[in-house]
Amino acid sequence: MSTESPKPLPTLVLEATAFTEAQLLHPLLPQVALAGRSNVGKSSLINALAGRKNLAKTSATPGKTRSINYYRIEPGPGYIVDLPGYGYAQCSQAERRKWAVLLEHYLSGTPGLTALVLLLDSRVTPQKADRELAAFAAARALPLIPVLTKADKCSKKELNACKRAWSVLLPEELLVTSSQKRTGMEELWSALQSMLSRV
Ligand code: GTP
Ligand code: MG
């Protein structure tokens, strides 16, 4: 049996925030992006991955993150990028359009993007917008890491039903996480780092 203690997980440092296409960073380092519907738990997952409470701003009200946020991985190299959520119906059409355009620019115009982490709420059945984003990644041969969020909020039975529903639609294995309980962080870090080291 090995006496070595497990390697500590990396952490994250906020490096830049982009509200417009002109503000997008074009670092030479590889990056993975967290995408998903508003309120699915993207920013909470950033905090759980980093082992910090308030690194990324979270809110029970959807539409909290309105910019593209670049977090540098320490020790790196690489970035994890927190994206604004989609499918938030309460804001104006003009604002939704602005986010969609920014997101499109980011997803199509980031050569260093090595994978997309698609966050899916473990209590919600597959939604059209999520399936569309998965199809977008597949069409561009962009690797996808599907992640079920908020697993602490549902029973094993509900979780299995959700996994089954997604496994019919996606070939990739689903990672089950809870940011509140920090469940699945080692597995997620390992999936992220294998994607970041592919370039
Ligand atoms: P937008 O920025 O609006 O796109 O949302 P987001 O995807 O970044 O979601 P955020 O991380 O702000 O979380 C939304 C709500 O879900 C907050 O009230 C969080 O506390 C809650 N939440 C996120 N992850 C978990 C989790 O693992 N368990 C539980 N119980 N609640 C969670
Ligand atoms: Mg957010």
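In what follows, the structure referred to is the one given above.
Nothing here was measured: the structure is a model prediction, and the numbers come from that model. (Residues numbered from 1 in each chain as written. Chains lettered and ligands numbered in written order. Predicted model: local features only at pLDDT ≥ 70, side-chain atom pairs only at ≥ 80, totals over all residues. Heavy atoms only, no water.)

Participant: Where do I start with the coordination of the magnesium ion (ligand 2) in this structure?
Facilitator: On the protein side, the magnesium ion (ligand 2) has Ser-43 (OG) and Thr-65 (OG1) as donor atoms, found 2.0 to 2.2 Å from it. Placement of the pair is Ser-43 in helix 1 (residues 42-50) and Thr-65 in the loop between helix 1 and strand 3 (68-74), with a sequence separation of 22 residues. The exposure class of Thr-65 is buried, given its relative accessible area of 12%. (Donors = N, O, S within 2.8 Å, 3.2 Å for Na, K, Ca; no water. Helix = DSSP H or I, 4+ residues; strand = E, 2+ residues; numbered from the N terminus. Buried < 20%, exposed > 50% of the residue type's maximum accessible area, 1.4 Å probe, protein only.)

Participant: Please clarify how the sheet that holds strand 6 (residues 144-149) should be interpreted in this entry.
Facilitator: Remark on secondary structure: sheet strands pair via backbone hydrogen bonds, oriented parallel or antiparallel. The 7 strands lie next to each other as 1-3-4-2-5-6-7, forming an open sheet whose pairing is mixed. Each edge of the open sheet carries a strand with a single partner, namely strand 1 (11-18) and strand 7 (175-176). The pairing of strand 1 with strand 3 spans 7 bridges and is antiparallel. Bridge pairing in strand 3 places Ala-18 opposite Ile-68. The sheet contacts of helix 3 (residues 128-139) involve strand 2 (31-36), strand 5 (113-121) and strand 6, and relative to strand 5 the element is tilted by about 165 degrees. (Pairing = 2+ DSSP bridges. Contact = heavy atoms within 4.5 Å. Axes fitted to C-alpha atoms, helices over the stretch in contact; angles between N-to-C directions.)

Participant: Just checking my understanding: could you explain the nonpolar core for this structure?
Facilitator: In this structure, Ile-68, Tyr-70, Leu-83, Tyr-106, Leu-107 and Leu-116 are the most contacted members of the largest nonpolar core, which totals 33 residues. Counting residues in hydrophobic clusters, the runner-up holds 27 residues, among them Leu-12, Leu-45, Leu-175 and Trp-189. (Core = buried A, V, L, I, M, F, W, Y, C linked by side-chain atoms within 4.5 Å.)

Participant: For this particular structure, what's the right way to read the site of ligand 1?
Facilitator: Within the structure, ligand 1 sits among 22 residues, and Lys-42, Ser-44, Gly-63, Asp-152 and Ser-179 are positioned closest to it. At 3.2 Å from an oxygen atom of ligand 1 is found a side-chain nitrogen or oxygen belonging to Ser-38. Within the side chain of Lys-42, an N or O atom sits 2.7 Å from an oxygen atom of ligand 1. For ligand 1, the protein covers 89% of the area, taking 650 Å² as the surface of the free molecule. Per-class residue counts for the shell around ligand 1 are 3 nonpolar, 13 polar and 6 charged. (Near = heavy atom within 4 Å. Polar contact = N/O pair within 3.5 Å; in protein donor to acceptor, adjacent residues only side chain to side chain. Areas by Shrake-Rupley, 256 points an atom, 1.4 Å probe, with all protein chains shown as cover. Nonpolar A, V, L, I, M, F, W, Y, C, P; charged D, E, K, R; others polar.)

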